[in-house]
Every structure is written in C-alpha cells, then in structure tokens.
Amino acid sequence: MTALKNDRFLRALLKQPVDVTPVWMMRQAGRYLPEYRATRAKAGDFMSLCMNPELACEVTLQPLDRYPQLDAAILFSDILTIPDAMGQGLFFESGEGPRFKKVVNNQADIDALPIPDAEKDLGYVMDAVRTIRLELNGRVPLIGFSGSPWTLATYMVEGGSSRDFRKSKAMLYDNPQAMHALLDKLAQSVTAYLSGQIMAGAQAVQIFDSWGGALSAAAYQEFSLAYMKKIVDGLIREHDGRRVPVILFTKGGGLWLESMADTGAEALGLDWTCDIGSARARVGSKVALQGNMDPSVLYANPAAIRAEVGRILAAYGNGSGHVFNLGHGITPEVDPAHAGAFFEAVHELSAQYHA
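Criteria and thresholds
- Residues numbered from 1 in each chain as written.
- Predicted model: local features only at pLDDT ≥ 70, side-chain atom pairs only at ≥ 80, totals over all residues.
- Heavy atoms only, no water.
- Helix = DSSP H or I, 4+ residues; strand = E, 2+ residues; numbered from the N terminus.
- Rg over C-alpha atoms; globule rule 2.2 N^0.38 Å.
- Buried < 20%, exposed > 50% of the residue type's maximum accessible area, 1.4 Å probe, protein only.
- Contact = heavy atoms within 4.5 Å.
- Areas by Shrake-Rupley, 256 points an atom, 1.4 Å probe, with all protein chains shown as cover.
- Lys, Arg positive; Asp, Glu negative; His and termini not counted.
- Charge placed at Lys NZ, Arg CZ, Asp CG, Glu CD.
- 1 Å grid on protein atoms, 1.4 Å probe; cavity = no way out; pocket = protein on both sides within 12 Å on 5 of 7 lines; lining within 4 Å.
- Points joined across faces, edges and corners; volume = space filled by probe spheres on them.
- Nonpolar A, V, L, I, M, F, W, Y, C, P; charged D, E, K, R; others polar.
- Arc of directions from axis to C-beta.
- Salt bridge = Lys/Arg side-chain N within 4 Å of Asp/Glu carboxyl O.

A.B. asks: Hey, could you run me through the overall build of the chain in this one?
C.D. replies: Looking only at helices and strands, the chain has 16 helices and 11 strands in total. In terms of overall size, the chain behaves like a compact globule, its C-alpha atoms giving a radius of gyration of 19 Å where 355 residues would be expected to give roughly 20 Å. When the backbone C-alpha atoms are referred to their principal axes, the chain occupies close to 60 × 45 × 40 Å. Sorting the 355 residues of the chain into buried and exposed places 58% on the buried side. The long-range share in the chain, meaning contacts at least 24 apart out of those at least 6 apart in sequence, stands at 73%. When the accessible surface of the chain is summed, it comes to about 13,600 Å², and 51% of that surface belongs to carbon and sulfur atoms. Each charge class in the chain was averaged separately, 33 positive and 39 negative side chains, and the resulting centres sit 1 Å apart.

Structure (structure tokens):
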C-alpha cells in the first residue's frame, strides 16, 4: 500500500502531535454536492450507487477533489448493508426512507438469520474499499464504518425508520432474551464486516450508534454499549504496520461518555448537545474526541461559521486528540461554499492550539 501523505487524522485519534486539528464531515459525500447528485442520477438509485464499487469510489473522492482541506475520506455506503445481506430485503421508498421486505418479530426469525461473510455476501463493499484505497494513492486515510447492533436491530424489528422505536423497545422489555440473541448475531456480523473492511484497506473505522440515545441509561449499557464493546474487543486492530483506530459515535450519548471511554475505542464522536471542553475534562486522556458543531451552523454565513469553529476549538483547548467534525451529518440543503468555509476555518484557527 502507498505511504500516507497526510496522516494527521490518524495521529489525532491516537493523541499524537499534529500541526492543525484534522477535519472531516459525516455525510461529506452526499446530496449537498451537485457532482454527487449527478453520479447518483447516473447510477439510477441509491442502492445501485452503493453496490457499484467504481461509482462508490467516485462519490467518495468528490468532496476531497472539491475541498483540499479534508483530512480523511469515508467509504460511501449505507449502515443497512448488513441486514440486507442477512436476507431482510432492503429497499428505499421515495419520501419514506429505508424499508425491509422481511421484519424480525420473534425468536424464530432471529434463529433464521445468517451471519454474513464479508467477502462473499458483502463483496461489493470490500471491492469499493479496495478501489478507493487505490485511487486515494495515500492522499488521506480511508474510514470504514458500520451501524451499531442496537441501531441495526431497530430497523430490522421496526421494518424501517421509527420515531418511537415501539416494536424494538417492546421486544427489549417483553423478551430481552430474543433481543440479546439478535444483538449478539449483529455484533458478530459487524465485527466480521469491519474487520473485512480493515483487511481491504480501511485505516480507521467508526461505529454509528444512531439510536442509542433513545434508550434509558440502564438499557443503553445493556443493549447498546455492551455489544459495541464486544465489537471493539473482536476487531483487527493492527494492519499495514499501523494501529487501526476505532471511533464510537452514539447520537444523544453525552450522558454516558465515561462508560463509552472504557470500551477500548480510541475516540468518541460527540453530537452538538455536548460541550467538548466538559467532555474532555470527563474522559481525560483515555480517548480522543471527534466533533461537534451543530450541522445547522452551515446554513449561516461564513463569518458565523468561522466564529462557531473558533468557539469549539477554544473549548477543546491546546493539544492533540481532537478531530473536528459536525455533531451529525451535513444536510442536503447546505451551500457547498459554506462547507468549504467550515474546513478552511478549522485549519486556519486551530494552528495556535498545536504550537
């Protein structure tokens, strides 16, 4: 593999010295970019884009070509590839989001689920990782990712997106044994999937626990965090002669940072409801922190964006261990020029904290 020309993202995750705070953005390849919309139209639909390694590579690289300040690429894919490979039949309805043809209702449904083989059943993702690594040619590191077991379980039990997670929480409380069986299968699947991505060339991985924050404190520990820890414990952690850092991101997880920091992950993603200075004081030197600007700030003018970047950098303070990001994904209506102003501000304003 080609040597990395810019490794500040990986260095910051390991709390090693950097010249400026590295920056990337969740959903950085997405609908806010006209070039992305053109490629997606060419692909026909979202899943066709995900399942075509060449087109997935093309959209992964689009933000890097537009914004030279980006310090990482993230694989273009979807968190629901694993349930789809388990035979749930993923499809997307216009205006409705993701749906599944099969829904998990009981223990028999869970027993019937296979654990997907990363290369055989999700080969299109592994091919995309290999293609992107080749095309990056060492420009920046590549991030692989997966949904968390709890987040994937909610989609499988609800049959798609949910506002209240009624069916998932009913199973969790009525039949915890069944929910644990589902989460255990998903943890095994995610571990194999992320390890496959690492073997194919991903240099860091992020676990997206999008719906962990919908749980009570006790339920979060038992039904979400315990399974993410299981994944962290089971992952390949060294590849290509380098440590492969793991980032855990629980949206709405600010109450539980201390226990998240005990999982063995290198970094925690923060949403925008959490003060990054307080978070740093709470976790100490145990983990790096990633985040955490409110994505809606990108609707504001570039001067306001710059001011908010400056405030977050000051709140984190001096030294490494901070990867700048949004507190959730960029939204489709953002002006691409505002994203550019965001990236520029991070590099320009952060140098003083690394002197």
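That covers the picture; the talk isn't over yet.
A.B. asks: How do you make sense of the layout of surface pockets when you look at a structure like this?
C.D. replies: Any space left empty among the atoms is revealed by the rolling of a water-sized probe across them. Volume-wise, the largest pocket comes out at about 1,400 Å³. If you go around the largest pocket, you meet 40 residues; those closest to its centre are R27, R31, F46, D78 and F92. Elements that contribute at least two residues to the lining of the largest pocket include exactly α2 (34–43), α3 (46–50), β2 (90–93) and β3 (97–100). The element that contributes the greatest number of residues to the lining of the largest pocket is β2, accounting for 3 residues. Taken together, the residues of the lining of the largest pocket sort by class into 20 nonpolar, 12 polar and 8 charged.

A.B. asks: Explain α2 to me, please; I cannot follow it from the model alone.
C.D. replies: Turning to α2, its buried residues number three or more, namely Y36, T39 and A43. Taken down its axis, α2 places every buried residue within 65° of arc, on the same side. Residues of α2 that are exposed and point more than 90 degrees away from the buried face comprise A41 and K42. Residues of α2 that are buried make contact with α3 and α4 (53–66).

A.B. asks: Would you explain the pattern of salt bridges in this entry?
C.D. replies: If the charged atoms of two oppositely charged side chains come close together, the side chains can form a pair. Taken as a whole and judged by the stated rule, the model has 18 salt bridges. We note a salt bridge from D127 to R130, for which the minimum N-O separation is 3.0 Å. You can see D127 and its partner R130 sitting in helix α8 (residues 123–136), 3 residues apart, about one turn around the helix. On the accessibility criterion, D127 (34% relative accessible area) is partly exposed. Residue R130 is classed as partly exposed on the basis of its relative accessible area of 34%. It is possible to trace a salt-bridge network through shared partners that takes in R237, E238, R243 and E266.

A.B. asks: Can you walk me through empty space enclosed by the protein in this structure?
C.D. replies: Overall, the coordinates contain 1 cavity of 30 Å³ or more when judged by the stated rule. Looking at the largest cavity, its volume works out to about 40 Å³. T154, Y155, E158, G160, S161, S162, F165 and W211 are the residues that line the largest cavity. Counted by class, the lining of the largest cavity contains 3 nonpolar, 4 polar and 1 charged residues.

Interpretation in functional terms is not warranted from these geometric data alone.
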